[in-house]
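Geometric and topological summary
Listed below, chain by chain, are the residues.
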Amino acid sequence: QVQLAESGGGLVQAGGSLRLSCAASGRRISSYVLGWFRQTPGKEREFVATVSSSGASTYYADSVTGRFTISRDNAKATVYLQMNSLKPEDTAVYYCAVDVTVGKRYATTMREYDYWGQGTQVTVSS
């Protein structure tokens with residue numbers, strides 16, 4: 001019902017920046033919480049950031065607070081993740097996701113999300 005397509009990943013030097021985008025199609029997502037997760041080989045997918053339907057409320061994992069910013073443009077059906085001051089430990093495949101449950105401000109666990117993108121690789125070199 002919702003298709004998500006991430007873009008903007010790549011290779012960047014430590015201390016650099018990247019902006020990831022995730023475009024949604026199909027079902028309208030303007031009423032839903034959106035989130036970003038990341039995963040490295042052999043590890044569990046971990047929460048990165050989430051944003052409320054209006055974009056007014058955001059919440060971040062401790063590891064990225066102050067460096068990453070999540071935002072959304074409902075007119076474009078797109079969620080963004082601005083990543084600054086990147087560190088090698090930020091290297092991962094980054095996924096966007098949508099939580100279709102009504103009335104929520106944010107969602108921080110994989111179990112809460114209903115649709116996922118295919119991911120985009122971010123590699124931070126030292």
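Now for a quick tour of the structure. (Residues numbered from 1 in each chain as written. Predicted model: local features only at pLDDT ≥ 70, side-chain atom pairs only at ≥ 80, totals over all residues. Heavy atoms only, no water.)

**Notes on the state of the cysteines**
Evaluation of the coordinates by the stated rule reveals one disulfide. Between cysteine 22 and cysteine 96 runs a disulfide, and the two sulfur atoms are separated by 1.8 Å. Since a negative S-S torsion denotes a left-handed disulfide, the cysteine 22-cysteine 96 link at about 50° is right-handed. Within this pair, whereas cysteine 22 is found in strand E3 (residues 18–26), its partner cysteine 96 is found in strand E9 (residues 92–99), the two being separated by 74 residues in sequence. (Disulfide = S-S within 2.5 Å. Helix = DSSP H or I, 4+ residues; strand = E, 2+ residues; numbered from the N terminus.)

**Considerations on empty space enclosed by the protein**
For the structure shown, the criterion picks out one cavity of 30 Å³ or more. Of the voids in this model, the largest cavity is the one considered here, and its volume is about 30 Å³. Considering the residues around the largest cavity, the lining is formed by Leu4, Cys22, Ala24, Ile29, Leu34, Ala77, Thr78, Val79, Cys96 and Ala97. Of the residues contributing to the lining of the largest cavity, the split by class is nine nonpolar, one polar and no charged. (1 Å grid on protein atoms, 1.4 Å probe; cavity = no way out; pocket = protein on both sides within 12 Å on 5 of 7 lines; lining within 4 Å. Points joined across faces, edges and corners; volume = space filled by probe spheres on them. Nonpolar A, V, L, I, M, F, W, Y, C, P; charged D, E, K, R; others polar.)

**Let's talk about the packing of aromatic side chains**
Using the criterion set out here, one finds six aromatic pairs in the structure. For the ring pair phenylalanine 37 and phenylalanine 47, a centre distance of 5.7 Å and an interplane angle of 75° mean the geometry is edge-to-face. Of this pair, phenylalanine 37 sits in strand E4 (residues 33–39) while phenylalanine 47 sits in strand E5 (residues 46–51), and the two are 10 residues apart along the sequence. Like phenylalanine 47, phenylalanine 37 is buried. Relative to tyrosine 113, the ring of phenylalanine 37 has its centre 5.3 Å away and its plane inclined at 80°; by these criteria the two rings are edge-to-face. With phenylalanine 37 in strand E4 and tyrosine 113 in the loop between E9 and strand E10 (115–116), this pair connects stretches of sequence that are 76 residues apart. For tyrosine 113, a relative accessible area of 6% translates into the label buried. Above the ring of tyrosine 95, the side-chain terminus of arginine 45 is found at 3.6 Å from the ring centroid. When the ring centre of tryptophan 116 is taken as reference, the NZ or CZ atom of arginine 45 above it lies at 5.0 Å. (Phe/Tyr/Trp six-rings, centres within 6.5 Å; stacked < 30°, edge-to-face > 60°. Buried < 20%, exposed > 50% of the residue type's maximum accessible area, 1.4 Å probe, protein only. Lys NZ or Arg CZ within 6 Å of the ring centre and 35° of its normal.)

**Observations regarding the environment of valine 100**
Within the element layout of this structure, valine 100 appears in the loop between E9 and E10. Along the chain, valine 100 and leucine 18 lie 82 residues apart, while their C-alpha atoms are 27 Å from each other. Setting aside residues no more than four positions away along its own chain, valine 100 makes contact with Arg27, Tyr32, Asp114 and Tyr115. (Contact = heavy atoms within 4.5 Å.)

**With respect to the environment of cysteine 22**
Overall, cysteine 22 belongs to the buried group, its relative accessible area being 2%. It is 8.6 Å that separates the C-alpha atoms of cysteine 22 and leucine 81, two residues lying 59 residues apart in sequence. In this structure, cysteine 22 is in contact with Leu4, Ala5, Glu6, Trp36, Ala77, Thr78, Val79 and Cys96, ignoring residues within four places of it in sequence.

By themselves, these are just geometric observations and shouldn't be taken as functional.
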